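Summary of structural features
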Amino acid sequence: MGVPLVVWLITIAAIAGFFIFDFYTHVRTPHAPTLKEAGFWSAFYIGIALLFGVVVWFGWDAQHGIEYFTGYVTEKALSIDNLFVFALIIGAFQVPRQYQQKVLLIGIVLALIFRLIFILAGSALISAWSDIFYVFAIFLLYIAIKLVVDEFRDKPETHPNDMLAIKMIRKVMPVTKDYQGDSLVVRNAGKLAVTPLLVALLAIGFVDVMFAFDSIPAIYGITTEAYLVFAANAFSLMGLRQLYFLLDGLLDRLIYLAYGLGVILGFIGIKLLLHALHENNLPFISGGENLSVPEISTVGSLIFIVLTLVVTVVASVIKSRRDVAQGAIDTRKHRPGV
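Residues numbered from 1 in each chain as written. Predicted model: local features only at pLDDT ≥ 70, side-chain atom pairs only at ≥ 80, totals over all residues. Heavy atoms only, no water.

In the nomenclature of an unreviewed UniProt entry, the chain is known as TerC/Alx family metal homeostasis membrane protein of Corynebacterium propinquum. Taken verbatim from the UniProt record of the chain, the Sequence similarities (unreviewed entry) comment is "Belongs to the TerC family." Heading Subcellular location (unreviewed entry) of the UniProt record for the chain holds this comment: "Membrane". (UniProt positions renumbered as here; feature names shortened; annotations may be inferred.)

Here it is, written out as structure tokens:
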């Protein structure tokens, strides 16, 4: 069953409404959120996401409900890893704490708009060429292996000033040396110039798009319904700003998160490969005939992903406590907090 256009429009309008509400109630007036504020609104947006899943479950069917929940959990886990890079960018630009909410919210909205374009493009590709799942599978397996290998080697993250997106921004836009309150554009010596605050939020938006190159194929490995792909992405990004402040100072303690995400992406890559073989049309594989291979169910995927995240978090907490007790906690300097 295709999702009617009116449902798409209502969903997009509702999500846009939440972001507008967030801006006018929390971000418009610069302030550093308290732990209580961040915790409450993080729980609120997670609750909204879960409520949406219940609506899908009973309003559509259980299968699509499970697909949504599996996609949401996967995207939420990947978005937490994004927070490391957000912290890196905010730290590199030395964004004052009271302005960080504005940078994060607008950057996340930009990222969601770009992701919607990617999602629709992905849906069109799948409709036109079903064997695109082979490409998705190989790409995810490559990303999974690279993620784990880079973490094992303790490879430092790329500095924001070395990122292509930021270099391009600085080339096409004159940037003021200092922050001008929470202004994004100012008139400097009679000429318009952007502030470091605008550069920081654009960097967050563009860099998050880079993450979409693995998260979008990953969720298409769970469901091919573009509406659910968009919803899972949107709800995983909603509340990400509050989650950033809630986990502030705790991100560096999730020392095994990259390994867990690598396992999850690898698992979804294998799931996609099996699906591609089952629906095979490539003439050089079994003469273009479908292969009789086992496929991983959506319920099995949900259980595996949740268990992997639980094991990752528990193992990280145990390791961090042990390091604290020994006075040798890993500061993971390549992923600095703010």
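Things to note about the environment of Leu274
You can see Leu274 is positioned in helix α10 (residues 257-278). As for Leu274 and Ser292, which are separated by 18 residues in sequence, their C-alpha atoms are 9.4 Å apart. Each residue touching Leu274, except ones within four places of it in the same chain, is listed here: Val293, Pro294, Glu295 and Ile296. (Helix = DSSP H or I, 4+ residues; strand = E, 2+ residues; numbered from the N terminus. Contact = heavy atoms within 4.5 Å.)

A word on the packing of helix α3 (residues 62-92) against α10
A pair of packed helices can be characterised by two numbers: the angle between their axes and the separation between those axes. It is the contact of α3 with α10, at a shortest axis distance of 11 Å, that shows an interaxial angle of 140°. With respect to α10, the axis of α3 lies oblique. Relative to α10, α3 is oriented so that their crossing is left-handed. Across the interface between the two elements, Thr74, Ala77, Leu78, Ile80, Asp81 and Phe84 from α3 touch Leu257, Leu261, Ile264, Leu265 and Ile268 from α10. Taken together, the residues of the contact of α3 with α10 break down into 9 nonpolar, 1 polar and 1 charged. (Axes fitted to C-alpha atoms, helices over the stretch in contact; angles between N-to-C directions. Parallel < 35°, antiparallel > 145°, perpendicular 65-115°, else oblique. Left-handed = near helix turned anticlockwise from the far one by under 90°. Nonpolar A, V, L, I, M, F, W, Y, C, P; charged D, E, K, R; others polar.)

Observations regarding the layout of surface pockets
If you add up the space inside the second largest pocket, you get close to 420 Å³. In terms of lining residues, the second largest pocket is bounded by 14 residues, among which Lys76, Ala77, Ile80, Leu243 and Leu309 are the most central. Within the residue set of the lining of the second largest pocket, elements represented by two or more residues are α2 (35-59), α3 and α11 (298-326). For the lining of the second largest pocket, the element with the highest residue contribution is α3, accounting for 5 residues. Partitioned by chemical class, the residues of the lining of the second largest pocket number 13 nonpolar, no polar and 1 charged. (1 Å grid on protein atoms, 1.4 Å probe; cavity = no way out; pocket = protein on both sides within 12 Å on 5 of 7 lines; lining within 4 Å. Points joined across faces, edges and corners; volume = space filled by probe spheres on them.)

A few points about the side chain of Thr298
Mapping Thr298 onto the fold places it in helix α11. In this structure, Thr298 is in contact with Gln63, Ile66, Glu67, Thr70 and Ile222, ignoring residues within four places of it in sequence.

Points about empty space enclosed by the protein
As enumerated under the stated definition, the model contains 1 cavity of 30 Å³ or more in all. Empty space within the largest cavity amounts to approximately 50 Å³. Looking at the largest cavity, the residues that line it are His26, Val27, Arg28, Thr29, Pro30, His31, Gln98, Tyr99, Gln101, Lys102 and Asp182. When its residues are assigned to classes, the lining of the largest cavity shows 3 nonpolar, 5 polar and 3 charged.

Remarks on the packing of aromatic side chains
Taken as a whole and assessed by the stated rule, the structure comprises 20 aromatic pairs. Both rings, one in Phe52 and one in Phe235, keep their centres 4.9 Å apart while their planes meet at 40°; by these two values the pair is tilted. Of this pair, Phe52 sits in helix α2 while Phe235 sits in helix α8 (residues 226-237), placing them 183 residues apart in sequence. A relative accessible area of 14% means that Phe52 is categorised as buried. (Phe/Tyr/Trp six-rings, centres within 6.5 Å; stacked < 30°, edge-to-face > 60°. Buried < 20%, exposed > 50% of the residue type's maximum accessible area, 1.4 Å probe, protein only.)

Examining α11
Taking 1.5 Å as the rise per residue, α11 with 29 residues should run 42 Å; its terminal C-alpha atoms sit 42 Å apart, in good agreement. Three or more residues of α11 are buried, namely Thr298, Ser301, Ile305, Thr308, Leu309, Thr312, Ser316, Ser320 and Asp323. On the buried face of α11, the contacting elements are α3 and α10. (Expected span 1.5 Å × (residues − 1).)

A closer look at the packing of helix α1 (residues 5-27) against α8
One can describe the packing of α1 onto α8 by two numbers: an axis separation of 12 Å at closest approach and a directional angle of 5°. When the interaxial angle is binned, α1 and α8 end up roughly parallel. Across the interface between the two elements, Val7, Trp8, Thr11, Ile12 and Ile15 of α1 pack against Ala226, Tyr227, Phe230 and Ala234 of α8.

A word on the nonpolar core
Core analysis: the biggest nonpolar cluster contains 89 residues, and Tyr68, Val95, Tyr220, Phe235, Tyr244 and Ile268 have the highest contact counts within it. A total of 14 residues in this core trace back to one element, the largest contributor, which is helix α7 (residues 196-220). Not counting residues within four places of it along the chain, the set of residues in contact with Tyr220 comprises Ile119, Gly122, Ser123, Ile126, Phe133, Phe136, Ala226, Val229 and Leu272. (Core = buried A, V, L, I, M, F, W, Y, C linked by side-chain atoms within 4.5 Å.)

A look at the pattern of salt bridges
If you walk through the whole model with that rule in mind, you get 2 salt bridges. A salt bridge links Asp22 to Arg241; the nearest nitrogen and oxygen atoms lie 2.6 Å apart. Highlighted residues: Asp22 in helix α1 and Arg241 in helix α9 (residues 240-246), separated in sequence by 219 residues. As far as burial versus exposure is concerned, Asp22 and Arg241 are alike and both buried. Note that Arg115 is salt-bridged to Glu75, the shortest N-O span being 3.5 Å. Here Arg115 is found in helix α4 (residues 100-128), whereas its partner Glu75 is found in helix α3, with 40 residues between them in sequence. The pair formed by Arg115 and Glu75 is uniform in burial state, with each residue classed as buried. (Salt bridge = Lys/Arg side-chain N within 4 Å of Asp/Glu carboxyl O.)

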